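The chain contents come next:
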Amino acid sequence: MRALTIKFLRESWQIRMQLCSIALVVAAGIMSVITMRGAYESLYFAQQNHYIKSRFADLWAPLVRAPESLRYRLEQISGIETLDTRVKFQATLDLGDSGVPAQGMFVSLPESGRPALNDIGISNGRYIEPGKHDEVILSEKFALARQLRPGDRFPAVLNGRSRELEVVGIASSPEFSYTVPPGYLFPDDARFGVFWMGREALGAANNMDGAFNEVMATLVPNANPDAVMQQMDDLLADYGGYGSYLRKDQLSHLILDNELAEIRVMTTFLPTVFMGVAVFLLYLVLGRLIRTQRGEIAVLKAFGYTDTEMGLHFLGFALLAVMAGGVLGTIGGIQLGKGLMGEYARYFDIPDLEYRLSRRLLLLSVAVCLAGAVAGAMAAVRRAINLPPAEAMRPEAPPRFRPGPLERSGFGALLTSSGRMILRNMERKPFQIVLSSLGVSLSLAILVVGMSLVDSINWLMDLQFRVIQREDLMVTFKEDVNADARYSVEHLPGVVAVEVFRAAPVRLHAGHREDEVSVTAMDHDTHLRRLVNDKGISIPMPASGIVLSERLAERLQVANGDLVNLEWLGGRRRYTEARVSGIVKDFMGVSAWMNRSEMQLLTGDPDVISGAWLSVSDMNNPALYEALQEMPLVAGVMSPDFMLETFDQEMARSMLVSSAFLLGFASIIAIGIIYNNARISLSERGRELASLRVMGFHRREVARLLLGEQAVVTLLAIPVGTGIGYFLAWLIAQNMGNDTFRIPFVVSVQTCITAIVIIVLASFLSGLAVRRRLDRIDLIEVLKTRE
């Protein structure tokens, strides 16, 4: 065995704890790459595969009702490749629940053959048979939540008439990979599901014989989507068309795409932080190793070892730490990736959703490891290569011991003798102290950012469900009905107060810019649902004009007082204009509001409503829910309390997992930096500390000199890390939002205190490990070391 190999093995063992700490930092970085990038690729692959197999549509166009004979004219639209029609509506289910009844989205299937678009993938059971009008196929998430399987039967209220349906299959569809009940923010698999039935059976149950109320289409390559949508909207205008929309606005696709975008951001951010820390630690450890081995380097060069051999020898330490971390990170990343895909499978109903580690990603991880090793070791290795043998035979020039700027300013006079020694040692290596403090600051910032997301979401949920949505129940109707329907709702058992609203689809035009939204119209004296801005301040509903959410106003580039053109997509499809009478910064959706009387005036429609907000005396009144189920005009019933309960249940688990990851990652960075700094200081100052022990200093006093420096590094990192965390949390709040959900900037005092305590605890544990090594130091052996 060559001398350099023996030396490498012996010294690797001597600095094994430092190499292990670096390997853990590298492992955390590689783990984040393998986990997040692997999850991104796996999720994207499963999504695209599902879309191809099901022939996922490019365009949808809902409407009130149109005869099937219109289909031929729709197929002649330039740019349409494949077109299909269907019947789709919402109904309540009678599953023997107490409280808010479950709801179902009923979607028609052709009884002979499979759908031309948006086909379903059956995972259990079979397809419906022609002529069997009571057969139904369930979405997989709802079937699992309700423990329903093929052969089971259950009652459903279809158009006011109760029917018993038989489950013949369990299936999934890309349209409903993320099934959110109307008005909800998150899936509620036990209270909402998708039900596929034969076209004839569903049409007859909803007065849609020979008719349809939704169009789906795929487009030919290079088609102009806007032109296709315009032609389709013109054809459907006389049949109550609500306006067509593209795949990018389809709810399940939109949410999945947003999730993929967030993963891409995390895949860039986390590995960069961890590899940066690893490079810094390698620079410190190898730099110290080379400084203490000047004599050995000189001897080896004198015996004929080349610069290349010496460089590769010291580079080997970096490669050992980084490659060990790479292997550990890859193994851990695969396991975490599988766990993460399991979490995604709880929310997204996508077949073959499993973690896949691609060869390209594995090679990328190896390349990242090698790049990190070379970057961290290069400066130290270059120093070893460029060190002439004659120069290396001489001891390194001793540092100049003189008062630094802080001590000369008089600050040192305020300190004890031990404090002045710590201050002088820090002032001799300011660059290392700054970088060490910055590394610990980053770990603190990671904790602040992670926990601030919990603060933001909790604040947002409190705003949405306790300040804005103050009703006990929200009842939606199948279609707009006369406003006198409110009196029927008022007389339901246990109803204390009723406030009505109307929701109407509209296309807003401001110059060449346009956007489609649903305008919610309510009375000016509404109390159960309020307009509230980001400060939690209630805004009165103006008597005239239209109020826009800030995101919508930015997209249209309009301000208060500007005129916007309104193209109403339902009813009489009138073209009107309204003045922007308010802009509200909110965090949910892209919305618009106006006074109900103003909407009636602009649309020219009679006084109609789309639903009602209810205040009830008893949320557990079964008579109320039975009465709502028996009302033919009711499409769905929602409870903000149940929505918040569902959110809390889902988020509690997700937040626990993410917090554990952040805690582990941040602790690894803090411990890696502080432990290595203390070990390097111990190695460099071993003779000095041993001399102090011989002179009569107690172990505790010597430990205070060594670890006091690390304590100062941690204390300097606390305000810097908190500031960085605040900035990153603000940056995320500014850039992480989308059309469905935006994150407010909220960082609580409790979050900052918790993050600081965790970092201080990590620093304490690092110091404890070094203190044990300091207590076992061999004074005689250290004092025999040549200066």
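Just so we're clear, the structure is a prediction, and the values are computed from it rather than from any experiment. (Residues numbered from 1 in each chain as written. Predicted model: local features only at pLDDT ≥ 70, side-chain atom pairs only at ≥ 80, totals over all residues. Heavy atoms only, no water.)

(A) Inspection of the overall build of the protein at higher detail. Within the protein, the secondary structure is distributed over 23 helices and 22 strands. Across the 787 residues in the protein, those meeting the buried criterion constitute 53%. Long-range contacts, defined as pairs at least 24 residues apart, comprise 81% of the intrachain contacts of the protein with a sequence gap of at least 6. Roughly 34700 Å² of accessible area belongs to the protein as shown, and the carbon and sulfur atoms make up 58% of that amount. (Helix = DSSP H or I, 4+ residues; strand = E, 2+ residues; numbered from the N terminus. Buried < 20%, exposed > 50% of the residue type's maximum accessible area, 1.4 Å probe, protein only. Contact = heavy atoms within 4.5 Å. Areas by Shrake-Rupley, 256 points an atom, 1.4 Å probe, with all protein chains shown as cover.)

(B) Structural detail: the packing of helix H2 (residues 16-54) against helix H9 (residues 307-347). Contact geometry for H2 and H9: axes closest at 5 Å, N-to-C directions at 35 degrees. The crossing of H2 and H9 is right-handed. (Axes fitted to C-alpha atoms, helices over the stretch in contact; angles between N-to-C directions. Left-handed = near helix turned anticlockwise from the far one by under 90°.)

(C) Broad picture of the packing of aromatic side chains. Evaluation of the coordinates by the stated rule reveals 15 aromatic pairs. With a centroid separation of 5.3 Å and an interplanar angle of 65 degrees, the aromatic rings of Phe56 and Trp60 are classed as edge-to-face. Taking the relative accessible area as the measure of exposure, Trp60 reaches 0% and is therefore buried. Taken together, the aromatic side chains of Phe89, Phe106, Phe142, Phe154 and Phe195 make up a single cluster linked through ring pairs. (Phe/Tyr/Trp six-rings, centres within 6.5 Å; stacked < 30°, edge-to-face > 60°.)

(D) Summary view of a nonpolar patch on the surface. A cluster of nonpolar side chains, namely Tyr726, Phe727, Trp730, Leu731 and Phe745, defines an oily patch on the protein surface of about 460 Å² accessible area. Counting through the fold element by element, Phe727 comes out in helix H21 (residues 699-735). (Patch = residues over 30% accessible without salt bridge, like charges linked within 9 Å, V, L, I, M, F, W, Y side chains within 5 Å. Salt bridge = Lys/Arg side-chain N within 4 Å of Asp/Glu carboxyl O.)

(E) Looking closely at unusual backbone geometry. At Asn118, a position not held by glycine, the phi torsion is positive, near 55 degrees. Along the chain, the position of Asn118 falls in the loop between strand S4 (103-109) and strand S5 (121-125). Its relative accessible area of 3% is what places Asn118 among the buried residues. Phi angles above zero are rare outside glycine, and Asn207 is one such case at about 55 degrees. With respect to the helices and strands, the residue Asn207 is situated in the loop between helix H5 (199-205) and strand S10 (211-219).

(F) Representation of the pairing of S10 within the structure. Of all 9 residues that make up S10, 9 are buried, and the element is covered over most of its length. When strand S1 (residues 59-67) meets S10, the two strands line up antiparallel, connected through 6 bridges. Along S10, the bridge assignment pairs Pro67 with Ala211. Alignment of strand S2 (residues 80-86) against S10, held across 6 bridges, turns out to be antiparallel. Its bridge partner lying in S10, Asp84 is registered against Met216. (Pairing = 2+ DSSP bridges.)

(G) Structural view of the sheet that holds strand S11 (residues 245-246). The 4 strands lie next to each other as S2-S10-S1-S11, forming an open sheet whose pairing is antiparallel. Two strands in the sheet have a free side with no partner beyond their single neighbour: S2 and S11. Helix H6 (residues 225-236) contacts S1, S2, S10 and S11 of the sheet and is inclined by roughly 10 degrees relative to S1.

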